[in-house]
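If you want the building blocks of each chain, they are given just below.
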Amino acid sequence: MFLPFFQTLRTCGIPVSLREYLSFLDGMKAGLVTYDPEGFYYLARTALVKDERQLDRFDRAFAESFGGLEQIDPGEVLEALELPEDWLRKLAEGHLSPEERAEIEAMGGFDKLMEALKARLKEQKERHQGGNKWIGTAGTSPFGAYGYNPEGVRIGQDGSRHRRAVKVWDRREFRNLDDSVELGTRNIKVALKRLRRWARDGAREELDLDGTIRATADRGYLDVRTRPERHNAVKVLLFLDVGGSMDDHIRVVEELFSAARAEFKHLEHYYFHNCLYEGVWRNNRRRWDRVTPTWEVLRTYGPDYKCIFVGDASMSPYEIAFAGGANEHWNAEPGQVWLERARAQWPDHLWINPVPEQHWQYTQSIAMIREIFEDRMVPMTLDGIERGMKSLG
């Protein structure tokens, strides 16, 4: 019965294998979850998802496969399913106090409870709100939703007041983990961690836990050891395209910049517009009177820096290929010349493009930049950033 679910997972891009599917079936056969949609969701997610980047896809596949379960008529379920009394008793023992269990026994036991439920389902023909007899919501009847009764059976409710059966797959809390969507600051930091190269320097110290354990074991008393704090020794030079068509991507570029500043101790950044030319700047408010010659940047930062360009690469092809092609000033040399000089100075280089990768083929200038960078261009997604960090590492 779960084969369509398995096929939906594969269709949604989740690389679930037969081994994982069989493990999921083994969990169901072992009775790890019984009559518990929330538990079933977590069991399926644990068994079938290997990577947190696929959690949002799993939620969508789960909702597509089982989203109609809450619409099933409860009377039909009870007719088709006999709830075992021993299961109900074990559930009661775990969740009910002795006084509450005594109230159930006063009704005549669990058999009477389930018979009463079936009888009321047959009697009731419309929705009921409140009260203490009919099956409805916000009441004290043993049956229904959004109410409370110690021996109650919850029916037809998409969220429990006591958080016991909420439709967690509809929350989609993992949207920003999907490796096919644009990144948030947290996820960019996760991707940038791949470029870490730790080194110990400076006088600031941190606890050396392993050294403390060894020294304490050797000496027979607590011997706290410290060591110089570790820092990420990777040096990054960031060139950020601003203005024009990049205005549409301000938010995600700001997130990338914020994540990079938090992640790298040695980070230098400059701004440019559309393509790299003879001048760059650090402050966009002073871009005309505080310009740094690009030659100076080339001479200042050695080839040990990782050079990352961030821009949509969307411009007139003339801005790349011809002198005088820039749209804001007269450039004595084509942008391509400056890009090639940058690539020669910093062998570890990369271009990150916020334009979705499937749209690159429709813009000639993107194709030209990709060719200049020998295809070292990645989209600004979790998967794209990780591929880029791997190529730089």
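Residues numbered from 1 in each chain as written. Predicted model: local features only at pLDDT ≥ 70, side-chain atom pairs only at ≥ 80, totals over all residues. Heavy atoms only, no water.

## Details of a nonpolar patch on the surface
Move 1: Taken together, L207, L209, I213, L222 and V224 make up a surface patch of nonpolar side chains, about 510 Å² in accessible area.
Move 2: Considering the arrangement of structural elements, one finds L207 in strand β4 (residues 198-207). (Patch = residues over 30% accessible without salt bridge, like charges linked within 9 Å, V, L, I, M, F, W, Y side chains within 5 Å. Areas by Shrake-Rupley, 256 points an atom, 1.4 Å probe, with all protein chains shown as cover. Salt bridge = Lys/Arg side-chain N within 4 Å of Asp/Glu carboxyl O. Helix = DSSP H or I, 4+ residues; strand = E, 2+ residues; numbered from the N terminus.)

## What about the packing of helix α3 (residues 37-48) against helix α4 (residues 55-66)?
Helices that pack against each other are described as a pair by the angle of their axes relative to one another and the distance between those axes.
Move 1: Two elements in contact, α3 and α4, have axes separated by 11 Å at closest approach and are oriented at 130°. In terms of orientation, α3 and α4 fall into the oblique class. Crossing handedness for the pair α3 and α4: right-handed. On α4, the residues that touch F40, Y41, A44 and R45 of α3 are L55, F58, D59, F62 and F66.
Move 2: Taken together, the residues that form the contact of α3 with α4 break down as 7 nonpolar, no polar and 2 charged. (Axes fitted to C-alpha atoms, helices over the stretch in contact; angles between N-to-C directions. Parallel < 35°, antiparallel > 145°, perpendicular 65-115°, else oblique. Left-handed = near helix turned anticlockwise from the far one by under 90°. Contact = heavy atoms within 4.5 Å. Nonpolar A, V, L, I, M, F, W, Y, C, P; charged D, E, K, R; others polar.)

## Here we look at the pairing of strand β11 (residues 349-353)
Move 1: Here β11 lies mainly inside the structure; 5 of its 5 residues are buried.
Move 2: Burial along β11 is two-sided: H349, W351 and N353 facing one way and L350 and I352 facing the other are all buried.
Move 3: In terms of strand pairing, strand β10 (residues 306-310) meets β11 through 4 bridges, oriented parallel. Following the sheet pairing, I308 is matched in β11 by L350.
Move 4: Where β11 lies against strand β12 (residues 377-379), 3 bridges are found, and the strand directions are parallel. Bridge pairing links N353 to P379 in β12.
Move 5: In the classification by handedness, the crossover that spans β11, the intervening helix α15 (residues 364-372) and the parallel β12 is right-handed. (Buried < 20%, exposed > 50% of the residue type's maximum accessible area, 1.4 Å probe, protein only. Pairing = 2+ DSSP bridges. Right-handed = clockwise from strand over helix to strand, strands pointing away.)

## Overview of the pairing of strand β7 (residues 266-272)
Move 1: Burial analysis of β7 places 5 of its 7 residues in the buried class, which makes it a mostly covered element.
Move 2: Where strand β6 (residues 235-241) meets β7, 7 bridges bridge the pair, whose relative direction is parallel. Bridging from a neighbouring strand, L238 pairs with H269 of β7.

## Focus on the pattern of salt bridges
Move 1: This model, assessed by the stated rule, comprises 11 salt bridges.
Move 2: Of the charged contacts, one joins E20 and K50 as a salt bridge, the two residues approaching to 3.1 Å between their closest N and O atoms. Taken together, the residues E20 in helix α2 (residues 18-29) and K50 in the loop between α3 and α4 connect sequence positions 30 residues apart.
Move 3: Take E20: its relative accessible area is 14%, and that puts it in the buried class.

## A short note on the side chain of T212
Move 1: Here T212 lies in helix α10 (residues 209-219).
Move 2: Excluding residues that lie within four positions of it along the chain, T212 makes contacts with L207, L222, D223, V224 and R225.

## Points about α10
Move 1: Residues G211, T212 and A215 constitute the buried set of α10. Take α10 and look down its axis: the buried residues cluster within an arc of 100°, on one side only. Exposed and oriented more than 90 degrees from the buried face of α10 are I213, R214 and A217.
Move 2: Downstream of α10 by a residue or two, G220 has a phi angle that is positive, lying close to 85°. (Arc of directions from axis to C-beta.)

## Description of the packing of helix α1 (residues 3-11) against α4
Move 1: In the contact formed by α1 and α4, the axes pass within 9 Å of each other and the chain directions differ by 145°. Crossing handedness for the pair α1 and α4: right-handed. Across the interface between the two elements, F5, T8 and L9 from α1 touch F58, A61, F62, E64, S65 and F66 from α4.
Move 2: Among the residues making up the contact of α1 with α4, the classes are represented as 6 nonpolar, 2 polar and 1 charged.

## Thoughts on the nonpolar core
Move 1: One finds F239, F309, L339, W346 and W351 to be the most contacted residues of the largest nonpolar core, which totals 31 residues.
Move 2: Listing elements by their share of this core, those giving two or more residues are β6, β7, α12 (294-300), β10, α14 (335-345) and α15.
Move 3: Ranked by residue count, the leading element in this core is α15, at 4 residues.
Move 4: Core analysis: the next-biggest nonpolar cluster, separate from the first, contains 24 residues, V253, W281, I308 and M389 among them. (Core = buried A, V, L, I, M, F, W, Y, C linked by side-chain atoms within 4.5 Å.)

## Topic: the packing of aromatic side chains
Move 1: The full count for this structure, using the stated rule, is 28 aromatic pairs.
Move 2: With a centroid separation of 5.8 Å and 55° between ring planes, the pair formed by F24 and F40 is classed as tilted. Here F40 lies in helix α3 and F24 lies in helix α2, a separation of 16 residues in the sequence. In this pair, the class of F24 matches that of F40, namely buried.
Move 3: When the centroid spacing of 5.8 Å and the interplanar angle of 45° are considered together, the rings of F58 and F62 count as tilted. Taken together, the positions of F58 and F62, both in helix α4 and 4 residues apart, correspond to about one turn of that helix.
Move 4: On the accessibility criterion, F62 (1% relative accessible area) is buried. (Phe/Tyr/Trp six-rings, centres within 6.5 Å; stacked < 30°, edge-to-face > 60°.)

That's the geometry; what it means functionally is another story.
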